[in-house]
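So you can see what is in the structure, the chains are spelled out below.
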Amino acid sequence: MSTATPPKAIDGTIGFADERFGTAGFLRGKMKKVFPDHWSFMLGEIALYSFIILLATGTFLTLWFKPSMGEVIYHGSYTKLDGVNMSEAYDSTLRISFDVRGGLLMRQIHHWAAVLFLASIMVHMLRVFFTGSYRKPREVNWLIGLGLFTLGILEGLFGYSLPDDLLSGTGLRITQGVMQSIPVVGTYIFYFAFGGGFPGHDFISRLYTVHVLLIPGILLALVGAHFMILWHQGHTQFSGKNRTEKNVIGKPFFPVFMIKAGAFFMFTFAVTALLGTFAQINPIWLFGPYTPDSITAGSQPDFYMGFLEGALRIMPNWETNLWGHTIPWNVLVPALLPLGLIMTGAALWPFIEQWATGDKKIHNLADRPRNAPFRTAVGMTAVTFYGMLWLAGGNDILADKFHVSLYATTWFFRGAVFVGPVIAYVVTKRLCVGLQRSDAAELHHGVEAGVITMLPSGEFVEMHQPVKEDAEAVLRGKQELPAIEDAGEDANGIPAPSSRGPLGKARKALNNAFTADDISIGNGHGNGHGNGHGEHPEAGTGDHKELSRG
Amino acid sequence: MTDNNETNGAPSDEEGRAPKRVIGTPPPPPTHDLLPDDTGGAEGTGGYQLDEKKARAAERAAGAFFVLTFVAGIAFIVFYAVWPGHVGNINRATSSNYALGISLTLAFLGLAVGMTIWVRHLMTSKEIIQERHELSSPPEDRQVFNEYFQQGVQESGITQRRFLRRTLLLASAPLGLLPLVLLRDLGPLPEKKLRHTAWKNGTRLVVDGTGQPLKASDFNSPGGIITVVPEGAQNNLDDIAKAAVLLINLPPDQMKVKKGRENWHVGGIVAYSKICTHVGCPAALYEQTTHHILCPCHQSTFDALDSAKVIFGPAARPLPQLPIGVNSEGYLVATSDFHEPIGPSFWERGKSKV
Ligand code: HEM
Ligand code: FES
């Protein structure tokens, strides 16, 4: 055990590879690569594992699924639909469910994994945003992440459109209606995509290629790039004892992280299998085959489409008719604006932040959300906007549950989608400032010790004791954002913001937004970034040591 | 932080996990990015040592979970191969789903829990501090790259040779268009197809599903509603997607008939397109007391008494009305196609009526 040579089989393999590819030299530095530990770092992992599960179960489904809109008469085991005319796609999905052993299980695992994939990507994105982990050098991975999310939504929509049941067909009909309303080219896009009128005979087989080949291929490439960049740049970590911008603390990849990741993969698989066993999802046999003139009442799309559904529901019925042309704002705005707004905003955000704060440093320490009140508040604004749209997508259910009229809920959300985000902004900012204050107080006066003493005067007071070392390191990890200086005073080579032009004014205003509400943690505050214009990242290490009383 | 406590474990042990081995690399060369963890404090720098008793218990526990996976895996195979009750009807599919699903879940769960116990309680790796390497390359590299690049550009002659450069750009332009051109045959052009449906003067209204033609007398229950399609198009989904019609029996005295539509209904029986003018869902719900038609997709609401005009929701236009009459045999028929395009809006919608 204690010799430096591994067992012969391993040594032989490594030797074989090494002599051909120089493997040992390559892997040597990788094996002990450190991965910091925090529960929120697992969210991205869940997304990765559910993606792998999707690839595996999806491949299984392709073996039986027939992506054809050709008509057949069903004679499978589900007797309630015996003799019914339906497309081959629907017929084969019924067969996967009832006539292939394990087929129903794989279908349900596939669908649950899709839900988990998108849910975990969303929460992962929020983690990255609220901790400022998208900052330099990780902006590109942030953009790749946004691409993965958007493609994931599309992939999911296309996936549940494949079985050609009544629910999926209704989703397709809405997609087609949106396509058709696009100004100038809409009808052409519609006719080209569907190979003629709706529903036509081509769409499912085209969708199939996109769902099983095109998008998964792009996703795979993006996921690969995402993780290679992550590996190369290293993971962010939260500040804490001994943690600096320049180091990373954690257990080594081999063996700890590797087995931990394996365990986590197995947990993800177990959870999707559990859901696939007990939680019925998309019971297509209850919906019946698609026909364009029928609909199931109260049908709901997958959760990740909910915000679009909500936007379509609460949009007022505005339409412009000019010179024989129709511009249906009632469709275009809800279909394009929310996602466009959120995605464009998210994509530009890292660069806006850099521009406004003049902060071009490398960041490896993740912020605590409270310490960046503006970012956190803007994030919560977007989350609330999204959340309101999402809830509006279920307004019929809400109306039913709370016994209010359907139209009242629509009107409520028409207001809430604007008012909600504003409230969220104000409240979040207050909360952040409050939390910063209590952090600063804790640093200065310590925490309540839970010991009550009686003073000679007869008064009772609670003892305070200094914050523990680890906790203090966390508190002191707060970085203060620098106010940009006025043009002319800038000696550090930052493109001088001419504070007179409109752009300069905007920058100054944004900068104020970023730096306002920054509660100083007091003596020796910040960790050397206070005036860090164009400063090199080395600054972190030394200062931090001093602060953490190392 | 429990992790830190672990790193401060007792000094080296008989198993020979000396500090160097824990770090796992030969004496590090100066530039190496792995630094030994010397922050462990005075208690010693040895690897984390396990309490052998606890470790054995953990090993047994992890082992038990791996055995669970083994058993569940076998159970899955046995269920799959031997048990006859998988397919044939919905009950069988359900119990098959339970049998296979539970064993599959347990198999993964056993591995997951076993591995977690292994990592948590049996691994002796210490927490290590690693310096991050500089991401950008040293300035020399940048400089050398720039030089090579400039040199290469010079040597290639692309900057001096204008004709070469321009013809190259010219050559690539049509190539970029090829993939687009190739997509042309994806579908026919829409032309006027969105303006027409399968309804013509004299087409009989037949009940969706059964294909039965209707007489006005067959449809005499007040407040009745039924979906009809053009005769001959019952099995053509493309036709139905445009031509589906809601036939509603309204009280004639409450109807507000639009000018020019006086003879579009048959004694209160009106026909509206069933395809919602929002994004095309079937507007299928009908409230008999209010005579409102509701589209379940985004809740556009239309007033059947008043030419199906929009009274709530995102739809911008009324449901188009199909003019109907009665033919010589007494059957309900269309007297023409719709007078406007049905369904969702589109760019060319208002263009010349052809
Ligand atoms: C991020 C990736 C993916 C997502 C989000 C996704 C999502 C979905 C969803 C929601 C369905 C509907 C399932 C149902 O019937 O309830 C579906 C169906 C399907 N998927 Fe995927 N999928 C992904 C990747 C793949 C891959 C990589 C393949 C194949 C290699 C695949 C093959 C299929 C097939 C054949 C169906 C239709 C069969 C059926 O519905 O039962 N999927 N997908
Ligand atoms: S399709 Fe009818 S309301 Fe949207």
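On a predicted model such as this, the values are computed, not experimentally measured, just so you know.

A. Inspection of the overall build of chain B at higher detail. The helix and strand inventory of chain B stands at seven helices and 11 strands. Put simply, 59% of the contacts in chain B that link residues at least 6 apart link residues at least 24 apart. About 19100 Å² of surface is accessible on chain B, with carbon and sulfur atoms providing 59% of the total.

B. Representation of the interface of chain B and chain A in the model. Contacts between the two partners involve 94 residues from chain B and, on the opposite side, 109 residues from chain A. Summing both sides of the interface, chain B and chain A together bury roughly 8700 Å²; the carbon and sulfur share of this comes to 62%. When the buried surface of chain B facing chain A is broken down by residue, B:Arg132, B:Phe312 and B:Trp347 rank first, second and third, together holding 11% of it. Every element with two or more residues in the side of chain B that touches chain A is listed here: helix H1 (2-7), helix H2 (19-23), helix H3 (52-81), helix H4 (90-122), strand E1 (128-131), strand E3 (225-230), helix H7 (237-243) and strand E9 (309-312) of chain B. For the side of chain B that touches chain A, the per-class residue count stands at 52 nonpolar, 24 polar and 18 charged. Pairing of strand E5 (residues 247-252) of chain A with E1(B), which is carried by four bridges, proceeds in the antiparallel orientation. Residue pairing for E1(B): A:Gly250 is matched across the bridge by B:Ile128.

C. Looking closely at the packing of aromatic side chains. This model, assessed by the stated rule, comprises 36 aromatic pairs over all chains. With 5.7 Å between their ring centres and 5 degrees between their planes, A:Phe41 and A:Phe238 make a pair best called stacked. With A:Phe41 in the loop between strand E1 (34-35) and helix H3 (43-62) and A:Phe238 in strand E4 (residues 237-238), this pair connects stretches of sequence that are 197 residues apart. With respect to burial, A:Phe41 and A:Phe238 carry one shared label: buried. For the ring pair A:Phe129 and A:Tyr134, a centre distance of 5.6 Å and an interplane angle of 25 degrees mean the geometry is stacked. Overall, A:Phe129 belongs to the buried group, its relative accessible area being 10%. By way of ring pairs, the aromatic residues A:Phe129, A:Phe130, A:Tyr134, A:Trp142, A:Trp349, A:Phe374, A:Tyr425 and A:Phe514 are connected into one cluster. Over the aromatic face of A:Phe16 sits the side chain of A:Arg20, whose NZ or CZ is 3.7 Å from the ring centroid. Positioned above the aromatic ring of B:Tyr331 is the side chain of B:Lys215, whose terminal nitrogen or guanidinium carbon lies 5.0 Å from the ring centre.

D. Quick look at the pattern of salt bridges. Residue and element names in this part refer to chain A. On inspection of all chains with the given rule, the structure shows 18 salt bridges over all chains. Of the charged contacts, one joins Asp 91 and Arg 95 as a salt bridge, the two residues approaching to 2.9 Å between their closest N and O atoms. Placement of the pair is Asp 91 and Arg 95 together in helix H4 (residues 88-98), with a separation of four residues, close to one helical turn. Two residues, Asp 202 and Arg 206, come together in a salt bridge whose shortest N-O distance is 3.7 Å. The exposure class of Asp 202 is partly exposed, given its relative accessible area of 29%. Given a relative accessible area of 24%, Arg 206 falls into the partly exposed group.

E. Geometry of the coordination of the iron atom of ligand 1. Residues and elements named next belong to chain A. Bound to the iron atom of ligand 1 are the protein donor atoms His 110 (NE2) and His 211 (NE2), situated 2.0 Å from the metal. What the six donor atoms of the iron atom of ligand 1 show is an angle range of 88 to 179 degrees at the metal, which sorts the shape as octahedral. In this pair, His 110 is assigned in helix H5 (residues 103-130) and His 211 in helix H9 (residues 203-233), connecting sequence segments 101 residues apart. As far as the burial class goes, His 110 and His 211 line up, both buried.

F. Summary view of a nonpolar patch on the surface. Taken together, A:Leu274, A:Phe278, B:Tyr98, B:Ile102, B:Leu106 and B:Leu109 make up a surface patch of nonpolar side chains, about 500 Å² in accessible area. Contributions of two or more residues to the nonpolar patch are made by helix H10 (253-278) of chain A together with H4 of chain B. The element that contributes the greatest number of residues to the nonpolar patch is H4(B), accounting for four residues. Positionally, A:Phe278 belongs in helix H10.

G. Broad picture of the site of ligand 1. Residues and elements named next belong to chain A. As a matter of local geometry, ligand 1 sits amid 26 residues, with Arg 107, His 110, His 111, His 211 and Asn 282 nearest to it. His 111 places a polar side-chain atom, nitrogen or oxygen, 2.5 Å from an oxygen atom of ligand 1. His 211 places a polar side-chain atom, nitrogen or oxygen, 2.8 Å from a nitrogen atom of ligand 1. When contributions to the shell around ligand 1 are tallied by element, the ones reaching two or more residues are H3, H5, helix H6 (139-161) and H9. With seven residues, H3 is the single largest residue contributor to the shell around ligand 1. When its residues are assigned to classes, the shell around ligand 1 shows 14 nonpolar, 10 polar and two charged.

H. Representation of unusual backbone geometry in the model. Residue and element names in this part refer to chain A. A cis amide bond links Lys 136 to the next residue, Pro 137, at an omega of 10 degrees. Relative to the helices and strands, Pro 137 is located in the loop between H5 and H6. Each neighbour pair has its own omega, and for Phe 198 with Pro 199 the value is -5 degrees, a cis peptide bond. Phi is positive for Asn 282, close to 50 degrees, though the residue is something other than glycine. Along the chain, Asn 282 turns up in the loop between H10 and helix H11 (284-287). Judged by its relative accessible area of 12%, Asn 282 is buried.

I. Broad picture of the sheet that holds E5(A). Taken together, the three strands give an open sheet; going across it, the order is E1(A)-E5(A)-E1(B), and neighbouring strands pair in antiparallel fashion. The open sheet is flanked by E1 of chain A together with E1 of chain B, the only strands paired with a single partner. Packing against the sheet, H10(A) makes contact with E1 and E5 of chain A, and its axis sits at approximately 75 degrees to E5(A).

J. Quick peek at the sheet that holds E9(B). Strand order in the open sheet made by the four strands is E6-E7-E8-E9 (chain B), with antiparallel pairing throughout. Edge positions in the open sheet fall to strand E6 (285-287) and E9 of chain B, since each of these has one partner strand only. Neighbour to neighbour, the strand axes of the sheet diverge by 35 degrees on average, direction disregarded. In the packing of helix H16 (residues 406-445) of chain A onto the sheet, contacts are made with strand E7 (292-294), strand E8 (301-303) and E9 of chain B, and the angle to E9(B) comes to roughly 70 degrees.

K. Here's a closer look at H4(B). With 33 residues, H4(B) extends 46 Å between its outermost C-alpha atoms, agreeing within 8% with the 48 Å of an ideal straight helix rising 1.5 Å per residue. Where H4(B) begins, the capping side chain belongs to B:Asn89, and its oxygen is found 2.9 Å from the backbone nitrogen of B:Asn91.

L. View of the environment of A:Ser87. Residue and element names in this part refer to chain A. Within the secondary structure layout, Ser 87 lies in strand E3 (residues 85-87). Overall, the relative accessible area of 9% leaves Ser 87 in the buried class. Remark: the alpha-carbon pair of Ser 87 and Gly 70, spanning 17 residues in sequence, is separated by 5.3 Å. Beyond its immediate sequence surroundings of up to four residues, Ser 87 is in contact with Ser 68, Met 69, Gly 70, Val 72 and Asp 164. Of note is the side chain of Ser 87, whose polar atom sits 2.6 Å from the side chain of Asp 164.

M. The packing of H5(A) against helix H14 (residues 373-392) of chain A, seen in detail. Residue and element names in this part refer to chain A. Direction vectors running N to C along H5 and H14 enclose 155 degrees, while the axes themselves pass 10 Å from each other. In terms of orientation, H5 lies roughly antiparallel with respect to H14. Residue-level contacts link Met 122, Leu 126, Phe 129 and Phe 130 of H5 to Arg 375, Thr 376, Gly 379, Met 380, Val 383 and Tyr 386 of H14. Residues of the contact of H5 with H14, tallied by class, amount to seven nonpolar, two polar and one charged.

N. Structural context of the pairing of E9(B). Residue and element names in this part refer to chain B. Across three bridges, E8 lies against E9 in antiparallel orientation. Within the sheet, the bridge partner assigned to Thr 301 lies in E9 and is Phe 312. Between the end of E8 and the start of E9, which pair antiparallel, lie five residues, with Ser 307 showing a positive phi angle near 55 degrees.

Cut-offs applied
- Residues numbered from 1 in each chain as written.
- Chains lettered and ligands numbered in written order.
- Predicted model: local features only at pLDDT ≥ 70, side-chain atom pairs only at ≥ 80, totals over all residues.
- Heavy atoms only, no water.
- Helix = DSSP H or I, 4+ residues; strand = E, 2+ residues; numbered from the N terminus.
- Contact = heavy atoms within 4.5 Å.
- Areas by Shrake-Rupley, 256 points an atom, 1.4 Å probe, with all protein chains shown as cover.
- Buried area = accessible area lost by both parts, 1.4 Å probe.
- Nonpolar A, V, L, I, M, F, W, Y, C, P; charged D, E, K, R; others polar.
- Pairing = 2+ DSSP bridges.
- Phe/Tyr/Trp six-rings, centres within 6.5 Å; stacked < 30°, edge-to-face > 60°.
- Buried < 20%, exposed > 50% of the residue type's maximum accessible area, 1.4 Å probe, protein only.
- Lys NZ or Arg CZ within 6 Å of the ring centre and 35° of its normal.
- Salt bridge = Lys/Arg side-chain N within 4 Å of Asp/Glu carboxyl O.
- Donors = N, O, S within 2.8 Å, 3.2 Å for Na, K, Ca; no water.
- Tetrahedral: all angles 85-135°; square planar, octahedral: opposite > 155°, others 65-115°.
- Patch = residues over 30% accessible without salt bridge, like charges linked within 9 Å, V, L, I, M, F, W, Y side chains within 5 Å.
- Near = heavy atom within 4 Å.
- Polar contact = N/O pair within 3.5 Å; in protein donor to acceptor, adjacent residues only side chain to side chain.
- Axes fitted to C-alpha atoms, helices over the stretch in contact; angles between N-to-C directions.
- Expected span 1.5 Å × (residues − 1).
- Parallel < 35°, antiparallel > 145°, perpendicular 65-115°, else oblique.

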